[in-house]
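# A closer look at the structure
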Amino acid sequence: MYYGPIMPPAPPAAVRGKTLSKKHTALGVLACVAIAHAAGSFAAPASQNADTVKVALRRITESQYRHTIADVLGPDVKIEARFEPERREDGLLALGSAELSLTSAGFEQYFALAGNIAAQALDDKRREKLVGCTPQDPAAPDDACAQAFIERQGERLFRRPLAASEVQVRLKSAALGAKQAGDFYAGLKLALTSLLVAPDFLFRIEMAEPDPANAGQYRLDAYTKASRLSFLIWDSAPDADLLAAARSGALHSQDELDRQIARLIASPKFEQGARAFFADMLQLDGFGNLVKDPAIYPKFNQSIAENAREQMLLRTVDLLVEKQGDYRDLFTSNEAFISRPLASVYGVPFASKAEWTTYRFPESSERSGILTDVGFLALNAHPGTSSPTRRGIKVLEIFMCQATPQPPANVDFSKVQDSKQGTVRGRLLDHMENEGCSGCHRRTDPIGLALEHFDGLGQLRTIENGMPIDVTAELKDVKFDGAQGLGDYLRNEPRVPACLVRNVYQYGVGQKTVGRDRSYLAAQTQAFAASGYRFPDLVASVAASPEFFRVAMPKQASNAATVASTAAPSPSPAE
Amino acid sequence: MNHCAAVLALAAVALPGIANAGWTKTYVVEWNEPAMYYGAKDGVIDPGTDCPAGTNPEIDWIKVLVDAGYTEEEAKWLRNPANPTRSPVHGQNQMAFRGKDRANVYVHPTSTPDPGLVGVSGTIGEGIDLDGNRKNGFTSPTGEKGIDNEFYRTVGCWKTYRGPPRLSSGALQFNDSMRNGGWTTVIVVAGKGDDPLNDKDVTVGFFVSADKMVKDGNGNIARDYTFSIKPDEKYEAIFPAQSKNGVITSTKPVTGMLREPAYWRDLELLRAQVRFEMKADGSLTGYVGGYRPWKDVYTGWVNARGPVIESLTWVQLPGVYYALQRNADYSPSGPKGEKTHISYALRVDALPAFVMTPDSAQQVASVQSYRSQAVPEPQRTMAAIPSIRVVDGIVIDPKSKMQAGPTAVILPPKNLANAGN
């Protein structure tokens, strides 16, 4: 995990080093001021008190950004931008987000987006509701009204109250903008833009404070706790109720914590939180780069990719959130959501006028759970062929938290890649003659071979190159037959729910689990089982546990020069 | 895709309550075009066995106009695109007024002598033997005698229609429109026997769907999509048929109407029949034939802006009118009646698809009429180009300073010469 400082990004090239002429009136000036304020936020972090310490930084994800904007500024604000790529670490983007910085190009994108969002949020039809006060003169600065707006929106966006200096600097820019443009709301747009490009918004800056109950120890401050809860359960920033609980300090009490967790999970926004979690865990970001050879899989197109992704989320959220069902049924249920495009790939009719409908696959379809969704099968295959190995690797990684090492650099893949000959099973057996490969392939391939009745797009088949496909498999001492057998195996495999527990915890805290977490995870897994493997109960249990808020203090920074570039280096008490 | 097994299996599991035929196969029309046998090696205008002189040649419109009574100076002015005052409205529209006493030849085609239209002189043609007489008509590419397709004989050398399958400009234009969502036709084939390939009691139904076709990764129409039937007051045709060795043929001629890929959308067929082959890859290919009102076809071209059709496709529409009238071969009132209809065949290629009842609740399992369920719709415009106001084959612009017409002054006064109308 990266605990070091964030380097302030370079200002956009469009304004860097330019002397603005008078013709570059309000807009150019406003842009420069906004950037200065954003950079200023890096230089002057707003600490609640002198003893607080920054313990973690996590760049907010695209979905967190979108959800936050919708919640704070309105669901009808359009967000049209390309976001900086995210990074997957140990199977989760949430873990990678703790290691991400911001490139100057990325900052430019955020800056352009911020201006666009601010303009929408403060346009004629929205401003009255959002601003909450009326300027005395709409053509002139109004500090009182602007300050109220900055403080209220700033708290929602930064997930904490703004320090006086943070308010003042934006108040100045609002006044300057209003004066330059002769428009109070133009100034307010500048202030809002400044908030939206601030690292305090773009990054989740987790803070710890001395724990009054344990001298010499630290605890997460209440606002950080609120953010952890909110981003875990809603994939969005805390709402006013949660911020109030943080402001009062009530969130440090178990009763209030439990009350807030119950409230958050009962909210419809829990579904978006679950979608975000499973989109991460199931590695659905891969659909963005999914390609298939149109000569081999002509039915594949962008619409199929988008629908396949959505199908996996609908299946998961419907079972685990709507129905509050048993997590293990994810691997065996033959009921799925289908759309008209997906129905064509499955080769079944689409009996609905709606965009999506439920469909129960017959036994003969061999469909069984999420592993037989077109999305999983297509995502974990090659552009022109299936891939038992890749599917096996991903089943182990996603559902059993077992990583598979990269193959040795000198492996000869020629036999296994010759898709014109025989079946994949035969080609893989040849491949496994290489002792350097067999160790991993013995773990991965049986799982994938059980799915071989589905081609690289997930379409049912029983023949490959004129030969019948054998889908029997043996994993250690367990034998199973085909996708349905694999589904039954996973449903009864204890490592599967244990892996979900681990992923929920890692996703929420943004930290990899380590050896000392073992007993905690085991206890949570036991509780998960006791709940009937109900996902909402698991989330609630993890969120309510002290370990969810445990402070991982930063290590001593080794690069003094880099540390010096931050204005307020954090103290580094021993863990 | 053989839907038979799938239909039954799914019906048992997911869609109870379907009244089953013995078997059902369902398709979506992914391409349809007038059946025009192409006898050249390549190219559109090149000579071939169908049209030994190639397509109808490009027309000398100066001569046509002079023959119609215009002075050479007037004719050149009308045809000179460089003339700054030759507005499309005035210049092109005036092309209509070349009949006797400058009548509009599009609406009064017999006001001018037959300018001629080169027809097909080859002996090979595609379609169906509609009259059961093997001694007339064309011979099919596979040797079947008596193919009735006088429409092809009439217009098969017109460059709009001529070309290899799927490559004539007319077919491309209208099929692009259909494939991009303009309209959808589905076909339901149901039999009462056990073997779809050999069944004495087969019914073939053509219906409309409001669901658009979807293109696959190669830009072709994707298979296996689902389409719900949209009951339609006009477009529906149901054919009693039989299948033998995978070839479906009509057992009784019927009356029906299909949506045609043409300017005139109503393909109204009398004594209509089908001939389809069920292909091993699951697709369906063949013909729908019958006798259609030839004046409707002519009206379609006129409404598509007569001067544009004539200029771009190298025909004189009165010549088309005379040719259709000359080759018409069917009278609904009997052999001695006026030949108001002409034999015709539509070449159809269809892909396997799931076809649902109008409520989308279940797959169709038999062929039946849905006309009684059609919701009356506002009168559909038959304008070939609905966004343009076409009157009597020309585009009227009321704001134009110089209107075309029988009495129009053709050469503009000097003071208007550079006014740009």
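Calculation rules
Residues numbered from 1 in each chain as written. Chains lettered and ligands numbered in written order. Predicted model: local features only at pLDDT ≥ 70, side-chain atom pairs only at ≥ 80, totals over all residues. Heavy atoms only, no water. Helix = DSSP H or I, 4+ residues; strand = E, 2+ residues; numbered from the N terminus. Buried < 20%, exposed > 50% of the residue type's maximum accessible area, 1.4 Å probe, protein only. Contact = heavy atoms within 4.5 Å. Areas by Shrake-Rupley, 256 points an atom, 1.4 Å probe, with all protein chains shown as cover. Axes fitted to C-alpha atoms, helices over the stretch in contact; angles between N-to-C directions. Parallel < 35°, antiparallel > 145°, perpendicular 65-115°, else oblique. Left-handed = near helix turned anticlockwise from the far one by under 90°. Nonpolar A, V, L, I, M, F, W, Y, C, P; charged D, E, K, R; others polar. Pairing = 2+ DSSP bridges. Buried area = accessible area lost by both parts, 1.4 Å probe. Salt bridge = Lys/Arg side-chain N within 4 Å of Asp/Glu carboxyl O. Polar contact = N/O pair within 3.5 Å; in protein donor to acceptor, adjacent residues only side chain to side chain. pLDDT = per-residue confidence, 0-100. Disulfide = S-S within 2.5 Å. Lys, Arg positive; Asp, Glu negative; His and termini not counted. Phe/Tyr/Trp six-rings, centres within 6.5 Å; stacked < 30°, edge-to-face > 60°. Lys NZ or Arg CZ within 6 Å of the ring centre and 35° of its normal.

It is worth spelling out the overall build of chain A at this point. On a plain count of helices and strands, chain A comes out with 25 helices and nine strands. For chain A, buried positions account for 56% of its 575 residues. Once local pairs closer than 6 in sequence are excluded, the contacts in chain A between residues at least 24 apart make up 71%. Accessible area of chain A: about 24100 Å², with a carbon and sulfur share of 52%.

Time to look at the packing of helix α22 (residues 495–509) of chain A against helix α24 (residues 535–544) of chain A. Residue and element names in this part refer to chain A. Taken N-terminus to C-terminus, the directions of α22 and α24 make an angle of 50 degrees; their axes are 10 Å apart at the nearest point. Judged by the inter-axis angle, α22 sits oblique to α24. For the crossing formed where α22 meets α24, the hand is right-handed. Seen from α22, the contacting residues are Leu500, Val501, Val504 and Tyr505; seen from α24, they are Phe535, Leu538 and Val542.

Residues and elements named next belong to chain A. It is at 10 Å that the axes of helix α12 (residues 254–266) and α24 come closest, and there the two elements cross at 150 degrees. Relative to α24, the element α12 lies roughly antiparallel. Handedness of the α12/α24 crossing: right-handed. Where α12 approaches α24, its residues Gln254, Leu257, Asp258, Ile261 and Ile265 are matched on the opposing element by Pro536, Val539, Ala540, Ala543 and Ala544. Per-class residue counts for the contact of α12 with α24 are eight nonpolar, one polar and one charged.

Residue and element names in this part refer to chain A. Pairing is antiparallel in the open sheet, where three strands are placed in the order β1-β2-β3. The sheet terminates laterally at β1 (53–59) and β3 (218–220), the two strands that pair on one side only. For this sheet, the mean inter-axis angle between neighbouring strands, taken without regard to orientation, is 30 degrees.

Often, the extent of an interface is quoted as the loss of accessible area on bringing the components together. The partner chain B presents 24 residues to the 21 residues of chain A that form the contact. When chain A packs against chain B, close to 1700 Å² is buried across both sides, 57% of that on carbon and sulfur atoms. Inspection of the region where chain A meets chain B yields one salt bridge. For A:Lys299, the salt bridge goes to B:Asp224, with nearest N and O atoms at 2.4 Å. For the interface between chain A and chain B, the tally reads ten residue pairs in polar contact (both at pLDDT 80 or more). Elements supplying a minimum of two residues to the side of chain A that touches chain B: α15 (340–346) and β5 (356–360) of chain A. No other element matches α15(A), which puts four residues into the side of chain A that touches chain B.

Residue and element names in this part refer to chain B. For chain B, the average pLDDT comes to 90, and 89% of its residues sit at 70 or higher. pLDDT under 50 marks residues 1–19. Its contacts with residues more than four places away, or in other chains, come to 42 contacts. Confidence over residues 417–421 falls short of pLDDT 50; this stretch has eleven contacts with residues more than four positions distant or in other chains.

Residue and element names in this part refer to chain B. Considering all chains together, one arrives at three disulfides over all chains under this definition. In this model, Cys51 is linked to Cys157 through a disulfide, with the two sulfur atoms separated by 2.0 Å. Disulfide Cys51 to Cys157: torsion about the S-S bond roughly -100 degrees, handedness left-handed. Here Cys51 is found in the loop between β1 (23–34) and α2 (61–67), whereas its partner Cys157 is found in the loop between α5 (150–155) and α6 (169–182), with 106 residues between them in sequence. An identical accessibility class is assigned to Cys51 and Cys157; each is buried. Look at chain A and number its bonded cysteines as they come in the sequence; the links are 1-2, 3-4.

Residue and element names in this part refer to chain B. With respect to the secondary-structure elements, Asp199 resides in strand β3 (residues 199–209). Within the buried set, Asp199 has no salt-bridge partner at all; the shortest N-O distance to an opposite charge, 9.0 Å, is to Lys192. Within polar-contact distance, the side chain of Asp199 engages the side chain of Trp23 at 2.6 Å. In terms of polar contacts, Asp199 uses its side chain to reach the backbone amide nitrogen of Lys192, at 3.2 Å. In this view, Asp199 contacts Trp23, Gly191, Lys192, Gly193, Gln242 and Ser243; residues no more than four positions away in its chain are not counted.

For the rest of this paragraph, the subject is the packing of aromatic side chains. Here the structure, examined in full by the defined rule, presents 35 aromatic pairs over all chains. Here the aromatic residues A:Tyr327, A:Phe331, A:Phe376, A:Phe399, A:Phe528 and A:Tyr533 are joined through ring pairs into a cluster of three or more. For A:Lys269, the ring lying beneath its charged end belongs to A:Trp234, and the centroid distance is 3.9 Å. Here B:Arg259 stacks its cationic end above the ring of B:Trp183, 3.8 Å away from the centre of that ring.

All right, on to the pattern of salt bridges then. The full count for this structure, using the stated rule, is 53 salt bridges over all chains. Among the salt bridges present, the one from A:Asp373 reaches A:Arg315, with a minimum N-O distance of 2.8 Å. With A:Asp373 in the loop between β5 and α16 (374–379) and A:Arg315 in helix α14 (residues 302–322), the pair connects residues that are 58 residues apart, well separated along the chain. B:Arg326 serves as the salt-bridge partner of B:Asp114, at 2.9 Å between the closest nitrogen and oxygen. Of this pair, B:Asp114 sits in the loop between α4 (88–93) and α5 while B:Arg326 sits in helix α9 (residues 317–327), and the two are 212 residues apart along the sequence. A residue is classified by how much of its surface remains accessible, and B:Arg326, at 48% relative accessible area, is partly exposed. Salt bridges here are not isolated pairs; linked through shared partners, they connect A:Asp239, A:Asp241, A:Glu256, A:Arg259 and A:Arg263.

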